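Reading the structure
One letter stands for each residue in the lines below.
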Amino acid sequence: MSLLIKNVLAIDGQVGLHEVCDIRIEDGLIAEIGKDLPEDGSEVRDLTGCVATPGFVDIHVHLREPGYEYKEDIESGTRAAAHGGMVAVCSMPNTNPVTDTASTIEFVLRRAREAGHCRVLPSGACTQGLKGEILAEMGDMALHGAVAFTDDGRGVQDAAMMRRVMEYASQFDRPVMAHCQDDALVGSGQINEGPVSTLLGLTGWPAQGEEIQIARDIELCRLTGCHYHVQHVTTARGIDLIRQAKADGLPVTCEVTPHHLFLDETCIDDSYNTYLKVNPPLRSADDAKALLEAVIDGTVDALVTDHAPHADFEKDREFEEAPFGMTGIETALSLYITKLVDPGIITWERLVELLAANPREILNQPKVKLAVGYPADITVTDPKIEWTVTPDEFESKAYNSGFLGWELKGRARDVYVDGKATLKDGVVCD
Ligand code: DOR
């Protein structure tokens, strides 16, 4: 049975497509794209007014399973991903046990297949138990499906260990994705070190605690030739270092999150809202501006959420006691449309680069294009829907979002993975 999606504005800069047309899907692939295609016995879905793009991919997501299923599990996290318009996510390894063996990678893949809401591309830890001391079994994990290596949640403290991680990862043609944090400098830092931390009496987390590791790792990238990907970069200086590394021709890529782009340290006030406690922390307004410029000028390769679900009882504590992290996968696309595409700051084509083409390239995944013969991994967005972010809008188990109460425009309407609907009219398919 084939499916005919009618009257969508199909946008994909990879093939120079930007026009209202119909898309026929057959056997999981795009079979035909054109104007006024005949029904020819296909099931017809009229999506007039919507935008069809290559399916979106979020390469920084905490699914929490195994071990922290009370926060999120693979079923709920991938439901949330489909609801947010994603066809694939890259899962982070700070689970319990840590995803640092082939059997845990296989477990994640099996649970993802059973859930069936989106593709899950698991990352594996660089070091055993994320402790930074002993290399994890990277080769074995790569063989069993790990697409990248990261100790996300922590920086690798020892430069020689990071060098070894990069040497191993490049042997398996996998990127090293780094959470940059110098523990000695950051200590028990809670929020960005600056006037707000002083005013609120919270320990500061200095920008240099991130930038020093970015600078170190760029030099290690120069030494090893490994593809080095900077996770959730937050500072103007960090962006400058990455811009320079790219100009030097190094294989360096980077990502930013919606919270570091659209919020800053001044959002944290004497209500001590723990949903705004993230790692790395919300930085200054000038840093957020530098991130935006880097999204516009091409320095930023990918938009990601660092979706970090936590339970109520964990966030509902004193600021210092609450864990770092906010959810994001169900608000990201709407935030990008509301804050970037609708005001004309970036085009839909650039959004496709940041959310579909580059993320796949970073993880060495097959290309997906709106063209005949490619897998029908498609996100269909209704750019006009207006909605307010409230906890009951989420499929995730958690609602520790920093955007609660925001009024957003645009939302995923349909999502197709291998031609199969995972979201239809904004409702997750079971
Ligand atoms: O805010 C964060 N939360 N940053 C991280 O790097 C880890 C994440 C988590 O696992 O909760």
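That block above? That's the structure.
Notes on the structure in this doc start here. Since the structure is predicted, the reported quantities are computational estimates derived from the model, not experimental observations.

**Looking at the layout of surface pockets**
When its volume is computed, the largest pocket comes out at roughly 530 Å³. Residue classes in the lining of the largest pocket are distributed as nine nonpolar, eleven polar and five charged. One number sums up the size of the second largest pocket: a volume of about 240 Å³. L109, A112, R113, G116, H117, C118, R119, V120, V417, K420 and T422 are the residues that line the second largest pocket. When residues of the lining of the second largest pocket are traced back to their parent elements, those giving at least two are α2 (102-115), β8 (119-124) and β18 (420-424). For the lining of the second largest pocket, the per-class residue count stands at five nonpolar, three polar and three charged.

**Details of helix α4 (residues 159-171)**
Taking 1.5 Å of rise per residue, the 13 residues of α4 would be expected to cover 18 Å, and the 19 Å separating its terminal C-alpha atoms lies within 8% of that figure. If you follow the buried residues of α4, they end up packed against α3 (138-143), β9 (148-149), β10 (176-178), α7 (208-224) and β13 (228-230). The opening residue of α4 is D158, an N-cap whose side-chain oxygen sits 2.9 Å from the backbone nitrogen of A160. Among the residues trailing α4, D173 stands out with phi positive, at a value near 55°.

Here is what the cut-offs are and how they apply
Residues numbered from 1 in each chain as written. Predicted model: local features only at pLDDT ≥ 70, side-chain atom pairs only at ≥ 80, totals over all residues. Heavy atoms only, no water. 1 Å grid on protein atoms, 1.4 Å probe; cavity = no way out; pocket = protein on both sides within 12 Å on 5 of 7 lines; lining within 4 Å. Points joined across faces, edges and corners; volume = space filled by probe spheres on them. Nonpolar A, V, L, I, M, F, W, Y, C, P; charged D, E, K, R; others polar. Helix = DSSP H or I, 4+ residues; strand = E, 2+ residues; numbered from the N terminus. Expected span 1.5 Å × (residues − 1). Contact = heavy atoms within 4.5 Å. Polar contact = N/O pair within 3.5 Å; in protein donor to acceptor, adjacent residues only side chain to side chain.

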